[in-house]
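Working through the structure, step by step
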Amino acid sequence: MSSSSTDKVRASHILIKHQGSRRKASWKDPEGRIINSTTRDDAVAQLKSLREDILAGNSKFEDVASRYSDCSSAKRAGDLGSFGRNQMQKPFEEATYALKVGAISDIVDTDSGVHIILRTG
């Protein structure tokens, strides 16, 4: 195996877009009406609440991602597959690499919106 393939991680995430997101549309809000009226603080509050439900065992990460994530990966329960360095936005990459497998991140800000990340590999 080459070193590039051994340094890959795998992750799933939940993305909540907001007014400051670079692309103000998603599979569940194609015209961006909800996204355009969602402040970053509102997005963070929603994501924190979802994260607490997952950590408390009230919800499964995969189910929450499928239902609430603004990313098209929602169709795959939030799964982004494997990726290496310099393939994702820097804050997302750094947060993912810092997690242990099975751990869920705190809120991560990127140009896409706010995320929580589950490292799966």
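Quick note: structure is the one above.
Criteria and thresholds
- Residues numbered from 1 in each chain as written.
- Predicted model: local features only at pLDDT ≥ 70, side-chain atom pairs only at ≥ 80, totals over all residues.
- Heavy atoms only, no water.
- Helix = DSSP H or I, 4+ residues; strand = E, 2+ residues; numbered from the N terminus.
- Rg over C-alpha atoms; globule rule 2.2 N^0.38 Å.
- Buried < 20%, exposed > 50% of the residue type's maximum accessible area, 1.4 Å probe, protein only.
- Contact = heavy atoms within 4.5 Å.
- Areas by Shrake-Rupley, 256 points an atom, 1.4 Å probe, with all protein chains shown as cover.
- Lys, Arg positive; Asp, Glu negative; His and termini not counted.
- Charge placed at Lys NZ, Arg CZ, Asp CG, Glu CD.
- 1 Å grid on protein atoms, 1.4 Å probe; cavity = no way out; pocket = protein on both sides within 12 Å on 5 of 7 lines; lining within 4 Å.
- Points joined across faces, edges and corners; volume = space filled by probe spheres on them.
- Nonpolar A, V, L, I, M, F, W, Y, C, P; charged D, E, K, R; others polar.
- Pairing = 2+ DSSP bridges.

1. Some points on the overall build of the chain
Looking only at helices and strands, one finds five helices and four strands in the chain. In sequence order, the chain lays out its α and β elements as α-β-α-α-α-β-α-β-β. A globule of 121 residues ought to have a C-alpha radius of gyration of about 14 Å, and the chain, at 14 Å, matches this closely. Over its C-alpha atoms, taken along the principal directions, the chain stretches across nearly 45 × 30 × 25 Å. When each of the 121 residues of the chain is scored for burial, the buried share is 45%. A sequence separation of at least 24 residues applies to 59% of the contacts in the chain between residues at least 6 apart. A total of about 6,700 Å² of accessible surface is found on the chain, and carbon and sulfur atoms cover 47% of it. Side-chain charges of the chain comprise 19 positive and 16 negative groups, with the mean position of each set lying 4 Å from the other.

2. Observations regarding the layout of surface pockets
Its volume calculated, the largest pocket comes out at about 300 Å³. Residue lining of the largest pocket: 17 residues in total, with His13, Leu15, Arg22, Cys71 and Ser112 positioned closest to the centre. Split into classes, the residues belonging to the lining of the largest pocket amount to six nonpolar, seven polar and four charged.

3. Examining the pairing of strand 4 (residues 113-119)
By the criterion of burial, strand 4 is predominantly enclosed, with seven of the seven residues buried. Bridge count for strand 1 (residues 9-16) against strand 4 is six bridges, and the pairing is antiparallel. Within strand 4, the position partnered with His13 by the bridge is Ile117. As judged from the three bridges shared by strand 3 (residues 108-110) and strand 4, these two strands associate in the antiparallel manner. Within strand 4, the position partnered with Val108 by the bridge is His115. Hairpin remark: strand 3 followed by strand 4, antiparallel, with two residues in the connecting loop.

4. Observations regarding unusual backbone geometry
The phi dihedral of Ala77 is positive, around 60°, even though this residue is not glycine. By the element assignment, Ala77 lies in the loop between helix 4 (61-68) and strand 2 (79-83). The phi dihedral of Asn86 falls on the positive side, at around 65°, and the residue is not glycine. Within the secondary structure, Asn86 sits in the loop between strand 2 and helix 5 (90-98).

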